[in-house]
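# Residue-level structure breakdown
Residue strings, one per chain:
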Amino acid sequence: MNIGNKVVYQIYPKSFKDSNHDGLGDIRGIIEKLDYLQFLGVDYIWITPIFKSPQNDNGYDVENYYEIDPLFGTMADLEDLIEEAGKRNIHIMLDMVFNHTSTEHEWFKRALAGEKEYQECYLFMEGKEGGPPNNWISKFKGSAWRYVEDMDQFYLHLFHETQADLNWKNEKVRQEAANVVRFWMNKGVKGFRFDVINLIDKEAFSDDPDGEGKKFYTDRPLVNEYLRGLNEESFGQADDIITVGELSSTTIENCIRYTKPENKELSMVFSFHHLKVDYDVQNPWRIRAFDFQKLKHIITDWQTALQEAGSWNALFWCCHDQPRVLSRYGNDKEYPVRSAKMLATALYLLRGTPYIYQGEEIGMTNAYFDKLEQYRDIAAVNCYQCMMEQGYDEEARIRYLQGRSRDNARTPMQWSDETYAGFSDTEPWISLTENYDRINVKRSMEDPDSVLHYYRELIQLRKEYEVIQDGRYIPVMEEHEAVFAYKRILDDQELLVFWYLTISTKSGPLCRLIRRNMIY
Ligand code: NOJ
């Protein structure tokens, strides 16, 4: 398979298209929009979890990996989607959440009911000095441990307390993960994304002097062994499957290990360093102006290191966990179209597989909700509470959510300027971004200079030119303060991508940039 000419489109199904008038997107809604995706030219659609789930973390809390959540439809709907997409040469990529299950999962319920076999599938531990086993912090705030009175033990949850971490040391867990992947492969699924997969090995359970715990559970050596096993037992048995691992707080060296073809682990991985240049990672409440030089260096470091190692990159600006890039590294008020085109050009002509997130291709912006009640994400609500406890005032709390909340990317897809943006005919589960009357698919289709047509052309260019698929990456003018430029070279083909920026005086949560981009 030539991975270099493939493009993936990410769908957050709850917010893509509602077909059954309940204000929530669903699988039939995706089917309705397949012609649009074919027009755009994408090869895969990655759908975030649609499995049965209490939806405490929008599907990343899976109750049953073999069933479709009725919110999204039925198994028959998914089978139709696979078939209908296939007719348009589009494959389906599903999201495998294997670091944790929902506490509603049958295994966890049997664990709570006292069955040792199932207790061993999770990470239950005794407390220490009347408190949790250690000082690790959940990524959604607060302790990463929850006490179970009947057992007089705590279980680990690196995310929400209803997302219990699995014990990958237990072979039963590893085998079940492979069973799940094989089940979906048999249905015709051709791609898998593995959620926070570099966290599955928890080595030691000591207190962390840094007070977080990350170093005890991130990129531990057994992750590689577990991935090799999963590859061997499932997707590695077919030669037409692509995989992408989502990695939390990783390093280049680890990414290379996960993606070196001879290691037989994953096709590629998502790392997030390039999306951490506009806030203080140590103190995330502090949003900063976007650091252009840092971004350039990160891109070059990752491109060159993975290229030297023969590893492959996943290229993305947006996803359901990130505020919209146009509102972060672009100017979504004065130069929305230019900024969006510039950002797409800079990233999607690099060496790797582009992942376009729904709405990015029409220039969707942050939602900028100004009331707490509009936020749906559990992480946003927890952050708000935390900031309140730390004494931040209401204005600061809302400003933070407007800049950083994941809900910014989760508002309904803007299909038209009709009521509810053509997403639904009833009030959606989350408010719309107000600019849908101007920024929508219908209008973008009609305007030949729109961001949408530009994305389509970029995708076609990738399919047409081998230099975009396979060319070497060579940075150009590396130290220039206003230029990010690179060449891609393959035999006698050469491509120069040039991004020029001028920074006006303002800084703050949204940096003000004027950019032009050119392709030669
Ligand atoms: C990463 C997913 O992308 C995110 O949405 C989720 O909250 C966490 N993993 C936990 O599963």
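The structure presented is a predicted model; accordingly, all values stated were derived computationally and were not measured.

Conventions and cut-offs
- Residues numbered from 1 in each chain as written.
- Predicted model: local features only at pLDDT ≥ 70, side-chain atom pairs only at ≥ 80, totals over all residues.
- Heavy atoms only, no water.
- Near = heavy atom within 4 Å.
- Polar contact = N/O pair within 3.5 Å; in protein donor to acceptor, adjacent residues only side chain to side chain.
- Areas by Shrake-Rupley, 256 points an atom, 1.4 Å probe, with all protein chains shown as cover.
- Nonpolar A, V, L, I, M, F, W, Y, C, P; charged D, E, K, R; others polar.
- Pairing = 2+ DSSP bridges.
- Helix = DSSP H or I, 4+ residues; strand = E, 2+ residues; numbered from the N terminus.
- pLDDT = per-residue confidence, 0-100.
- Contact = heavy atoms within 4.5 Å.
- Salt bridge = Lys/Arg side-chain N within 4 Å of Asp/Glu carboxyl O.
- Buried < 20%, exposed > 50% of the residue type's maximum accessible area, 1.4 Å probe, protein only.

So, about the site of the ligand. Close to the ligand lie 14 residues, the nearest being Asp-57, His-100, Asp-195, His-320 and Asp-321. For the ligand, an oxygen atom lies 2.5 Å from a polar atom in the side chain of Asp-57. His-100 places a side-chain nitrogen or oxygen 3.0 Å from an oxygen atom of the ligand. Notes on the ligand: free accessible area 290 Å², of which the protein chains cover 98%. Of the residues in the shell around the ligand, the class split is four nonpolar, three polar and seven charged.

Bringing the sheet that holds strand 7 (residues 124-125) into the picture now. The three strands are arranged 7-9-8 in an open sheet whose pairing can be described as antiparallel. Both outer strands of the open sheet, strand 7 and strand 8 (145-148), are each paired with one neighbouring strand and no more. Two strands pair when backbone bridges link them, and strand 7 and strand 9 (residues 153-156) are joined in this way by two bridges, in the antiparallel orientation. In the sheet register, Met-125 faces strand 9, and the bridge partner there is Phe-154.

Now for the confidence of the model for the protein. Averaged over all residues, the pLDDT of the protein equals 94, while 96% of them reach at least 70. Low pLDDT, under 50, characterises residues 504-520; the stretch is placed with 62 contacts to residues that sit more than four places away or in other chains.

Applying the stated criterion across every chain, the model contains 41 salt bridges. When the shortest N-O distance is used, the salt bridge between Asp-57 and Arg-406 registers 3.1 Å. A residue pair is termed long-range when its members are at least 10 positions apart, and Asp-57 in the loop between strand 3 (51-52) and strand 4 (64-68) and Arg-406 in the loop between helix 13 (394-404) and helix 14 (441-446) qualify at 349 residues. Using a relative accessible area of 13% as the deciding quantity, one classes Arg-406 as buried. In this structure, the salt-bridge partner of Lys-371 is Asp-370, at a minimum N-O distance of 3.3 Å. One continuous salt-bridge network, built from bridges that share partners, spans Asp-57, Asp-321, Asp-377, Arg-406 and Arg-410.

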